[in-house]
Amino acid sequence: MPPTRRSDSILRRLSLTIWGLFLALIVLLLGLGYLAMRAAADRLVPAIADHTVSLRAAGSQALFLQAEQSVHRLHEELLRRLAMADPQAASARFEHLFARSPDGLWRLRPQWLDPEHAPTLYLHAPATGPDDSTKLRAVVAYDLLREQGPALSPPFYSVYMDFVEDGLLVYSRGRNLAASATASYTNRDYPTMRGSDPRRNPARRLFWTPVYFDREANIWMASVIQPLDWQGRWVGTVGHDLSVQTLLQQGASQDQIGGLTVILSGSGDLIAHPQLQRRIAHAQGQLAIARLGDPDLAQALATVTAAGTEHGARRSPDGRLWVAWAKIQGPGWYQVYLLPQARIDRLLALGLLALLGIGILALLPALWWLRRQIARLIAQPLRRLTRAADEVSEGLTPNPLAMSGDDELSRLGQAFDEMVEELSAQRALQQAHAQALQTEIDERRDYMQRLQEERTRLHTLLQAMRQGIVFVDASHKDGRIITHDAYPLQDAKGQHIGRLWVQEDVTHDRQVAEQLTRLAEQDPLTRLLNRRRFEEDLDACCREAEQRPTEFALLFFDLDEFKYVNDTYGHRAGDALLTRIAQQVQLLIRAGDRLYRLGGDEFAVLMPQASVHEATQLADRLVRRISQIPLEVPDQTLRLTASLGIAHFPTHATGAQDLVAHADIAMYQAKHSGKNRWSIYRPDHDASRAMATRLGWNDRIAHALEHDLLRLHFQGIYRARDGHLEHLEALLRMEDPAHPGVLILPSEFILHAEKSGKILDIDRWVLRTAIALLGRHPHLPALAVNVSGRSLDDPDLPDFIVGQLKARHVAPQRLLVELTETAAVSDMGDAARFIAALRRAGCLICLDDFGAGFASFAYLKHLRADILKIDGMFIRDLPQDLDNQVFVRTIIDVARGMGIRTVAEFVEDGKTLLMLREMGVDMVQGYHLDRPKADHPALHPPPFRLEG
């Protein structure tokens, strides 16, 4: 029989099939991976690019919008003042302020020159002086810019008014911009004047000049201009110069993946480009893309123009670029981001190569293992059979294959061995007939006996494998753990013939199991038992109590103001504090007690076999010890306190859930009692009975917030000496949803809002609404808003207030924040931080209801209020109560000595008002002056004065 050629080998064909399957899997993986990555890129690239440029545009446009609103406000205020001005007084004041200089220009007299606080002027006019209209505009504009200019520069580079008579009144902090003007200097060809000319701007709209480079200031600028028309004719402009240097530098960049960020004007000019800034400067900030010859920028401009939307992201018309854009409100520029498609394709190719590598690394070990299995189970047995068959065909007697097993190849090998033996026997018969017959019988007998023995051994082994395994753990001398497995053995007749023993070292497995158990039951930060273990132990204690009478106690405590530590000093400081507290508390509890960390800053102590007295003793030690633990933070040392609640079994509950609930209620009873204390559960103080009422109010408050049912009424606060309106106070009301038109006073729902936390949402609604009102009524001097004590520990509230003021373009000093004395003193640290943050922003602080709480003037050193509002309980009967007169007079004198103004509320008659004037109170408020109303007269200009 000729040998089998390798090309015809079954094994070779099987091997080639496996390799083919491997390559097919790789190709399929690459194809699917590419399609998935391409689809993801087509969805994510435009979304991310659109979001990125929108954020950049939003960050850039805030100053432009503020400038437009500021110019509009200055324009309206200037017209109002011009309408109210006295021409004769203005003419005299013009001669007092201005004089003709030797070069023929009218300028500010040297004694009044103060560029830091007042504007400067140059004006072309004859020696006899300008006409009365020009004088009036110069004087009114000078006073307006002197009053408001310092608050506007910065953020703006300058604020100014152009004269059609060829002049300029300008304020820029610390700069005498009019000093460089000469007799030949003129502003008639300025873009500001050309754009304001009625022939070019008949609609008299506010407009922006193109960006330009100011060589004197060495910065890029743009100007926002409002034409000024008065008495039926064009008399000049009002405007701001803005520095856009930072915007142009940040708005043009190139990222690491090849994306390009530029700024385009609405007319197709290039404003900012990271590589073309010199060419833009040479073109005076108006480099036309059409003349630039850059195909990418031309495609970007075509994409933005064709879209016709303020923001978006899409492919360019030729498909080479991804273009994302967002409009910068104000000058009407566009923030544009260009990303070549080739860059994305290159990233996809790199991802495809990575996917190929991962696929090869994952499939190669599987292929190697498959080949090894085929070689062991198929290739080797087949080679042995082939060699044996070749020997038989050559007339030789091969050695027995001796294949043991129950698979097809093993049975084939056993049959082949039997065939070889039969052939050998036949050959022996041919040599010696008589002897061969006996030999064959002996061989067959021996063969049958061996076969029977083999079957018996195989049968007993299979029987042993079906038996159970008994584990016997034994600790070895070197610390190892050895298991002994015993298998009983039987022969084919079922008779016991012995036992098979197997030993195995399971030390590592046991150690892994113990480690997993610890991880499942232990808090990773403090190494204390966790909530899962707490629940198991508490259930075990309750089950034990069902079997035999016993008692135990449960202590719940958390850290007061822990959130402030995390928010102010970071989670690392908070984690260090939790670890310190866990270590210290562990030293105080009894040997049989167990300490758990339930999550965050919440801890629990389970005290088996403990009485109420023992629980209260431990609680007292814990609260005192925690308050003594120092936390070192930058520049200071903090000490936090804890509030702890106790529930005892079976005194307070007979089940695990009730016990946990009562311990939690007791802890919050301790918090409501002032913190830094412990409280044992008292059913008569359980707030659950009042919960239904509180939940009802919570629902009504939530409904009012969602459906805009909160209302603001306003009451005036007047200057005591002359009755002039100082500011308004905003007073909250809620419209009853069940009875439309009926208003609910805050005394009915504020307490529920404070307990539920809804007061935080109410405070933000009031602040947002009041600031919006200030923005709509620029004539209104100031507005006072009450903030609850719960909001003092909100670290984000000062930033929220500042953000609302900037968004509405409201001067911070027009917002007066009122805090009650009791709330401020009860949490002095939070109150001081809150007040300091608002004072840095420019807001005024009023300490409300002064004298009703602690009434200690020492607190004023820490709280730094601008205004004290004397509590109404001292004002109502002031003419008849001598003690109240002494107390009120003392508050006024001390406040005046500290530079703090005073307000007396609840002024309800003329006699009280006269007495307060004699005592020297600064401001008064009450029903004698006016009552709270939604449509207060002060909301409508001009401001009014209280007579009498």
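This one's a predicted model, so the numbers in the text were calculated from it and none came from an experiment.

As paired elements, strand E14 (residues 311-315) and strand E15 (residues 321-328) share five bridges and run antiparallel to each other. Residue histidine 311 lies in a different strand from E15, and its bridge partner there is alanine 326. Two successive antiparallel strands, E14 and E15, enclose a turn made up of five residues, where glycine 319 displays a positive phi of approximately 75°.

Before going further, it helps to spend a moment on the side chain of aspartate 241. Looking at the secondary structure, you find aspartate 241 in strand E9 (residues 233-243). Buried and unpaired, aspartate 241 has arginine 175 as its nearest opposite-charge partner, separated by 9.6 Å. Setting aside chain neighbours within four positions, we find aspartate 241 in contact with Phe156, Tyr157, Ser158, Tyr160, Tyr212, Met221, Ala222 and Ser223.

Before going further, it helps to spend a moment on helix H8 (residues 295-307). Between its first and last C-alpha atoms H8 spans 18 Å; for 13 residues at 1.5 Å apiece the expected length is 18 Å, and the two agree. Considered for burial, the residues of H8 that qualify are Leu297, Gln299, Ala300, Thr303, Val304 and Ala307. Take H8 and look down its axis: the buried residues cluster within an arc of 160°, on one side only. With respect to the buried face of H8, the exposed residues turned more than 90 degrees away are Pro295, Thr305 and Ala306.

With that settled, consider the environment of proline 115. The topology assignment puts proline 115 in the loop between strand E2 (105-108) and strand E3 (120-124). Between the C-alpha atoms of proline 115 and serine 172, which are 57 residues apart in sequence, the distance is 7.2 Å.

Further remarks concern the packing of helix H21 (residues 797-808) against helix H23 (residues 828-841). Remark: H21 packs on H23, axes separated minimally by 9 Å, with the N-to-C direction vectors making an angle of 20°. Relative to H23, the element H21 is oriented roughly parallel. Crossing geometry of H21 relative to H23 is assigned as right-handed. Touching Leu797, Pro798, Ile801 and Val802 of H21 are Phe834, Ala837, Leu838 and Ala841, all from H23. Partitioning the contact of H21 with H23 into residue classes produces eight nonpolar, no polar and no charged.

Strand E28 (residues 725-735) sits mainly inside the fold: eleven of its eleven residues count as buried. In this structure, strand E27 (residues 710-719) lies alongside E28, joined through nine bridges in antiparallel fashion. Paired with histidine 713 across the strands is leucine 731, a residue of E28. Note that E28 and strand E30 (residues 783-786) share two bridges and pair parallel. The residue of E30 that forms the bridge with leucine 728 is leucine 783. Alignment of E28 against strand E29 (residues 743-744), held across two bridges, turns out to be antiparallel. The residue of E29 that forms the bridge with glutamate 735 is leucine 743.

With that settled, consider the layout of surface pockets. By volume, the second largest pocket amounts to about 1500 Å³. In this structure, the second largest pocket is lined by 40 residues; those nearest its centre are Arg73, Gln148, Pro778, His809 and Arg814. For the lining of the second largest pocket, the secondary structure elements donating two or more residues are helix H1 (10-84), helix H3 (132-152), helix H20 (758-776) and H21. With ten residues, the top contributor of residues to the lining of the second largest pocket is H1. Taken together, the residues of the lining of the second largest pocket sort by class into 21 nonpolar, nine polar and ten charged. Residues lining the lining of the second largest pocket come from more than one domain, with at least three contributed by each of domain 1 (85-239) and domain 4 (701-939).

This part covers the pattern of salt bridges. All chains considered together, the criterion is met by 37 salt bridges. The salt bridge partner of arginine 137 is glutamate 165, with a shortest N-O separation of 2.6 Å. Of the two residues, arginine 137 is situated in helix H3 and glutamate 165 in the loop between strand E4 (158-163) and strand E5 (167-171); the sequence distance between them amounts to 28 residues. In this structure arginine 137 comes out as buried when scored by relative accessible area, which is 0%. Each of the salt bridges in this network shares a partner with another, and the network as a whole consists of Glu77, Arg80, Arg81 and Glu147.

The subject of this paragraph is the nonpolar core. One recurring pattern in soluble globular proteins: nonpolar side chains tend to sit buried together. With 78 residues, the main nonpolar core has Leu78, Phe98, Leu270, Trp333 and Val336 as its most contacted residues. Ranked by residue count, the leading element in this core is H1, at eleven residues. Counting contributing residues per domain, this core is built from domain 1 (85-239) and domain 2 (247-343), each supplying no fewer than three. Not counting the four nearest positions on each side in its chain, phenylalanine 98 is found in contact with Trp106, Arg107, Leu108, Arg109, Leu121, Ala138 and Tyr142.

Now for helix H26 (residues 910-919). Taken together, the buried positions of H26 are Thr912, Leu913, Met915, Leu916 and Met919. The buried residues of H26 occupy an angular sector of 165° when the element is viewed end-on, so they sit on one face. Opposite the buried face of H26, by more than 90 degrees, sit the exposed residues Lys911, Leu914 and Glu918. Structurally, H26 contributes buried residues whose contacts are with helix H25 (882-897), strand E34 (901-904) and strand E35 (923-924).

Calculation notes
Residues numbered from 1 in each chain as written. Predicted model: local features only at pLDDT ≥ 70, side-chain atom pairs only at ≥ 80, totals over all residues. Heavy atoms only, no water. Pairing = 2+ DSSP bridges. Helix = DSSP H or I, 4+ residues; strand = E, 2+ residues; numbered from the N terminus. Buried < 20%, exposed > 50% of the residue type's maximum accessible area, 1.4 Å probe, protein only. Lys, Arg positive; Asp, Glu negative; His and termini not counted. Salt bridge = Lys/Arg side-chain N within 4 Å of Asp/Glu carboxyl O. Contact = heavy atoms within 4.5 Å. Expected span 1.5 Å × (residues − 1). Arc of directions from axis to C-beta. Axes fitted to C-alpha atoms, helices over the stretch in contact; angles between N-to-C directions. Parallel < 35°, antiparallel > 145°, perpendicular 65-115°, else oblique. Left-handed = near helix turned anticlockwise from the far one by under 90°. Nonpolar A, V, L, I, M, F, W, Y, C, P; charged D, E, K, R; others polar. 1 Å grid on protein atoms, 1.4 Å probe; cavity = no way out; pocket = protein on both sides within 12 Å on 5 of 7 lines; lining within 4 Å. Points joined across faces, edges and corners; volume = space filled by probe spheres on them. Domains from an automatic or database assignment. Core = buried A, V, L, I, M, F, W, Y, C linked by side-chain atoms within 4.5 Å.

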